[in-house]
Amino acid sequence: MRASIRPSDDTTAPTAPAPGPARRGFGRAHAVLFAVTALVYAVVVAGVLADTSLVRLDWSLELLKPYKRWPEVRPLLDVWIVAGQRGPSAILACLWLGWRSYRQRTVRPLLVMGAALLLLNITVGGVKIITGRLGPHYAHVIDSPELFAGGTIFPSGHTANAVVTWGVLAYLAVRWRRTGTVLAALTAASIGLTTVYLGTHWISDVVAGWTAGLLVLLALPLVEPLVDGVNRWVTALYHGPQGAPARSRTGASPTTAADPG
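Residues numbered from 1 in each chain as written. Predicted model: local features only at pLDDT ≥ 70, side-chain atom pairs only at ≥ 80, totals over all residues. Heavy atoms only, no water.

Asker: Looking at this structure, I do not really get the overall build of the protein. What am I missing?
Answerer: In terms of regular secondary structure, the protein is built from 10 helices and 0 strands. For the protein, the sequential pattern of α-helices and β-strands runs α-α-α-α-α-α-α-α-α-α. Classification of the 261 residues of the protein by burial places 38% in the buried group. As displayed, the protein offers around 16,000 Å² of accessible surface, 67% of which is attributable to carbon and sulfur atoms. (Helix = DSSP H or I, 4+ residues; strand = E, 2+ residues; numbered from the N terminus. Buried < 20%, exposed > 50% of the residue type's maximum accessible area, 1.4 Å probe, protein only. Areas by Shrake-Rupley, 256 points an atom, 1.4 Å probe, with all protein chains shown as cover.)

Put into structure tokens, the structure is as follows:
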């Protein structure tokens with residue numbers, strides 16, 4: 001009878017190398033997409049400032065009065081537009097991210113959202129202040145870009161906020177990132193078009209909002225090292241240098257200090 005040959009007990013099967021840390025920064029494709037998005041953003045801003053045909057397109061869509069042509073969908077869209085407002089959307093997002101932070105014992109999800117919203121304030125808020133554009137409901141002269149009149153309509157904060165808030169959730173949802181990305185894109189697209197339907201934004205406001213929000217999402221890999229550094233600092237502050245809960249100044253553990261008996 002042929003003897004079967006078995007590997008000895010001390011023989012171990014080769015194992016795949018452990019995955020290294022995630023790459024940070026920009027790859028080539030990422031850098032190209034970032035540059036193209038920044039260029040589109042700059043072109044839209046310049047097109048409005050220079051009073052180009054883009055402004056005429058704004059007025060053409062506004063004079064159509066979509067909310068008067070199709071009034072039957074307005075009640076639904078009046079509710080849907082809330083998904084792009086900073087307050088409600090940020091509260092819902094932070095509730096979910098707070099739950100994730102609690103489960104994972106890390107504040108990184110909340111830090112990523114905070115960093116994204118801070119970048120959004122810079123990329124959108126600065127342009128709003130510089131242009132001072134009025135919205136369609138407050139416009140005075142047809143074919144005028146209505147600039148420097150004290151408005152805060154350009155770019156669309158509703159649209160940019162929808163891109164960033166729901167985009168960050170998709171960015172952090174590793175297992176469902178593809179599905180989340182599609183849902184986030186559809187939400188941001190519909191929010192932007194809803195503002196045009198309601199007459200609260202020009203179409204150029206919306207395009208600028210889409211690109212400004214996308215720039216923030218594309219810039220997140222650059223701020224990841226800072227986010228990780230803050231996360232490590234917060235974790236060490238809570239757990240102590242050895243990964244255990246920090247001790248009190250007297251050297252006793254929190255339990256001992258609280259219950260000396």
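Asker: Is there a simple way to think about empty space enclosed by the protein in this case?
Answerer: Rolled over the atoms, a probe with the dimensions of a water molecule shows which regions are left empty. Tallied over the full model, the rule gives 1 cavity of 30 Å³ or more. The volume enclosed by the largest cavity comes to roughly 40 Å³. Lining the largest cavity, in full, are Asp58, Leu61, Glu62, Pro136, Val196, His201, Trp202 and Ile203. Looking at which element gives the most residues to the lining of the largest cavity, the answer is helix α2 (residues 53–63), with 3 residues. When grouped by side-chain class, the residues that make up the lining of the largest cavity number 5 nonpolar, 1 polar and 2 charged. (1 Å grid on protein atoms, 1.4 Å probe; cavity = no way out; pocket = protein on both sides within 12 Å on 5 of 7 lines; lining within 4 Å. Points joined across faces, edges and corners; volume = space filled by probe spheres on them. Nonpolar A, V, L, I, M, F, W, Y, C, P; charged D, E, K, R; others polar.)

Asker: What should I look at first to understand the side chain of arginine 133 in this one?
Answerer: On the secondary structure map, arginine 133 appears in the loop between α6 (108–131) and α7 (157–172). Judged by its relative accessible area of 1%, arginine 133 is buried. There is a polar contact of 2.9 Å between the side chain of arginine 133 and the backbone oxygen of proline 145. (Polar contact = N/O pair within 3.5 Å; in protein donor to acceptor, adjacent residues only side chain to side chain.)

Asker: Please clarify how the packing of aromatic side chains should be interpreted in this entry.
Answerer: Two numbers describe a pair of aromatic rings. These are the distance of the centres and the angle of the planes. Per the counting criterion, the structure on display carries 1 aromatic pair. Centre to centre, the rings of tryptophan 59 and tryptophan 202 are 5.0 Å apart; their planes meet at 50 degrees, and the pair counts as tilted. With tryptophan 59 in helix α2 and tryptophan 202 in the loop between α8 (177–198) and α9 (203–239), this pair connects stretches of sequence that are 143 residues apart. In this pair, the class of tryptophan 59 matches that of tryptophan 202, namely buried. A cation sits over an aromatic face here: arginine 105 above tyrosine 102, 4.8 Å from the ring centre. (Phe/Tyr/Trp six-rings, centres within 6.5 Å; stacked < 30°, edge-to-face > 60°. Lys NZ or Arg CZ within 6 Å of the ring centre and 35° of its normal.)

Asker: I tried to follow unusual backbone geometry on my own but got confused; where do I start?
Answerer: A negative phi angle characterises most non-glycine residues, just as the trans form characterises most peptide bonds. Note that the residue after phenylalanine 154, namely proline 155, is joined by a cis bond; omega there is -5 degrees. Structurally, proline 155 can be placed in the loop between α6 and α7. In the Ramachandran plot, aspartate 51 falls in the positive-phi region, its phi being about 55 degrees despite a non-glycine side chain. Following the sequence through the fold, aspartate 51 ends up in the loop between α1 (28–49) and α2.

Asker: Looking at this structure, I do not really get a nonpolar patch on the surface. What am I missing?
Answerer: Residues Val32, Val36 and Val40 make up a contiguous nonpolar surface patch of about 220 Å² in total accessible area. Mapped onto the elements of the fold, valine 32 is located in helix α1. (Patch = residues over 30% accessible without salt bridge, like charges linked within 9 Å, V, L, I, M, F, W, Y side chains within 5 Å. Salt bridge = Lys/Arg side-chain N within 4 Å of Asp/Glu carboxyl O.)

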